[in-house]
Amino acid sequence: MSTAQATQQRPDSSLSLSERLRTDTRQDHDSAESNSFAKALLAGTLPREGYTALAVQHYFIYTALEEVAQSLATHPVGGAVYFPELHRVPALERDLAFLCGPDWRDTITPLPSTRAYAERIRWTADWPGGFIAHHYTRYLGDLSGGQFIKRVVQQTYGFDDGAGIEFYVFDQLGSLPRFKKSYRAAVDALNLDEAEQQRIIEEAHVAYRFNTEMMNELSGFVPAS
Ligand code: HEM
């Protein structure tokens with residue numbers, strides 16, 4: 001194989017997996033941020049029902065993520081990102097009780113895109129590398145841009161006492177930058193071969209696509225401009 005072919009097959013192999021995940025999904029991230037639903041959320045123009053609908057979708061997504069996390073907790077690959085202190089389902093349950101009322105469990109259903117997303121996450125129970133792609137895409141996002149979104153949401157809906165935005169509160173982690181550093185180190189310590197790293201990056205693109213589809217389905221809540 002020529003050097004050019006080798007380079008083509010290994011575009012970024014001098015970078016660690018966590019660095020590749022970040023750089024190779026930059027474009028997906030930019031387009032997610034400019035989605036009309038995300039823009040309305042950030043601009044504070046999304047009605048509260050739209051924010052509630054997002055929390056409902058999160059509930060189904062994180063239930064799948066945290067079920068698979070549990071099933072892979074002792075797996076040498078999947079277990080690398082087993083951080084129960086990250087788990088969001090208990091916080092989402094409290095948020096939904098606040099946002100939808102005590103009977104929230106009887107009132108919520110996933111959108112078709114969310115159902116497909118949760119199915120894809122569950123499918124990775126048999127492919128721990130793929131699970132890492134989904135785990136990274138959601139939790140590192142919540143620990144990064146999510147912290148900014150939290151402040152906007154608090155201001156927009158007046159949720160100043162924590163109820164309704166617990167999803168964005170990670171008070172068991174200590175310093176978030178420090179946690180993110182140790183998370184990336186755990187992913188990089190896996191030393192996965194090139195083919196598996198490429199599959200994982202491809203699955204992170206898939207994760208972004210599911211998030212975009214979900215936001216597109218939620219766009220009915222975006223006020224007409
Ligand atoms: C709603 C609009 C969004 C805003 C304003 C936003 C903002 C940000 C910001 C400021 C960072 C930190 C970048 C850095 O430290 O270099 C970040 C990182 C990240 N975001 Fe978002 N984001 C948004 C949506 C999303 C979505 C929809 C996803 C995917 C579900 C996502 C996933 C990520 C990930 C995985 C990272 C970590 C990248 C890394 O450092 O490896 N974000 N985001």
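Structure report, in brief. (Residues numbered from 1 in each chain as written. Predicted model: local features only at pLDDT ≥ 70, side-chain atom pairs only at ≥ 80, totals over all residues. Heavy atoms only, no water.)

Moving on: the overall build of the protein. Helix and strand content of the protein: 12 helices and zero strands. In the protein, the succession of helices and strands from N to C terminus is α-α-α-α-α-α-α-α-α-α-α-α. For 225 residues, the compact-globule estimate of 2.2 N^0.38 gives 17 Å, and the C-alpha radius of gyration of the protein, at 18 Å, lies within 12% of that figure. In the protein, which comprises 225 residues, the proportion classed as buried is 49%. Of the contacts formed within the protein by residues at least 6 apart in sequence, a portion of 83% connects residues at least 24 apart. Taken as two groups, the 21 positive and 29 negative side-chain charges of the protein have centres that lie 4 Å from each other. (Helix = DSSP H or I, 4+ residues; strand = E, 2+ residues; numbered from the N terminus. Rg over C-alpha atoms; globule rule 2.2 N^0.38 Å. Buried < 20%, exposed > 50% of the residue type's maximum accessible area, 1.4 Å probe, protein only. Contact = heavy atoms within 4.5 Å. Lys, Arg positive; Asp, Glu negative; His and termini not counted. Charge placed at Lys NZ, Arg CZ, Asp CG, Glu CD.)

Contact pair helix α2 (residues 17-24) / helix α11 (residues 176-188): the axes reach a minimum separation of 7 Å and the direction vectors enclose 110°. The orientation of α2 with respect to α11, classified from their angle, is roughly perpendicular. In this structure, α2 uses L17, S18 and R22 to contact α11, whose residues at the interface are R184, V187 and D188. The class makeup of the residues in the contact of α2 with α11 is two nonpolar, one polar and three charged. (Axes fitted to C-alpha atoms, helices over the stretch in contact; angles between N-to-C directions. Parallel < 35°, antiparallel > 145°, perpendicular 65-115°, else oblique. Nonpolar A, V, L, I, M, F, W, Y, C, P; charged D, E, K, R; others polar.)

Moving on: the coordination of the iron atom of the ligand. Under ideal tetrahedral coordination, the four donors around a metal are separated by 109.5 degrees; under ideal octahedral coordination, the six donors are separated by 90 or 180 degrees. Exactly one protein atom donates to the iron atom of the ligand; that atom is H29 (NE2), 2.0 Å from the metal. You can see H29 is positioned in helix α3 (residues 26-33). (Donors = N, O, S within 2.8 Å, 3.2 Å for Na, K, Ca; no water.)

The next thing to look at is the nonpolar core. Residues Y51, Y59, Y62, L86, L143 and Y183 are the most contacted members of the largest nonpolar core, which totals 67 residues. Here the element with the most residues in this core is helix α5 (residues 48-71); it accounts for 13 residues. Sequence-distant contacts of L143, that is, excluding residues within four places in its chain, are made with L86, F170, L173, L176, F179 and K180. (Core = buried A, V, L, I, M, F, W, Y, C linked by side-chain atoms within 4.5 Å.)

Moving on to the site of the ligand. Neighbouring the ligand are 18 residues, the closest being R22, H29, Y136, R184 and Y208. H29 places a polar side-chain atom, nitrogen or oxygen, 2.9 Å from a nitrogen atom of the ligand. A distance of 2.5 Å separates an oxygen atom of the ligand from a polar atom in the side chain of R184. Taken together, the elements giving at least two residues each to the shell around the ligand come down to α3, α4 (36-43), α9 (128-143), α10 (145-157) and α12 (194-217). In terms of residues, the shell around the ligand owes the most to one element, α9, which gives five residues. (Near = heavy atom within 4 Å. Polar contact = N/O pair within 3.5 Å; in protein donor to acceptor, adjacent residues only side chain to side chain.)

As a further point, take α11. Since the α-helix packs 3.6 residues into each turn, any two residues three or four apart lie on the same face. Look at α11: 18 Å from first C-alpha to last across 13 residues, which is about the 18 Å you get at 1.5 Å a residue. Within α11, the full set of buried residues consists of L176, F179, K180, Y183 and V187. For α11, the arc enclosing every buried residue in end-on projection is 100°, short of the 170-degree limit, so these residues lie on one face. With respect to the buried face of α11, the exposed residues turned more than 90 degrees away are P177, R178 and K181. (Expected span 1.5 Å × (residues − 1). Arc of directions from axis to C-beta.)

What follows covers the packing of aromatic side chains. Taken as a whole and assessed by the stated rule, the structure comprises 14 aromatic pairs. With a centroid separation of 5.8 Å and an interplanar angle of 35°, the aromatic rings of F83 and Y183 are classed as tilted. Taken as a pair, F83 in the loop between α5 and α6 (89-100) and Y183 in helix α11 lie far apart in primary sequence, 100 residues in all. We note that F83, like Y183, is buried. With 6.4 Å between their ring centres and 50° between their planes, F179 and Y183 make a pair best called tilted. You can see F179 and its partner Y183 sitting in helix α11, four residues apart, about one turn around the helix. (Phe/Tyr/Trp six-rings, centres within 6.5 Å; stacked < 30°, edge-to-face > 60°.)

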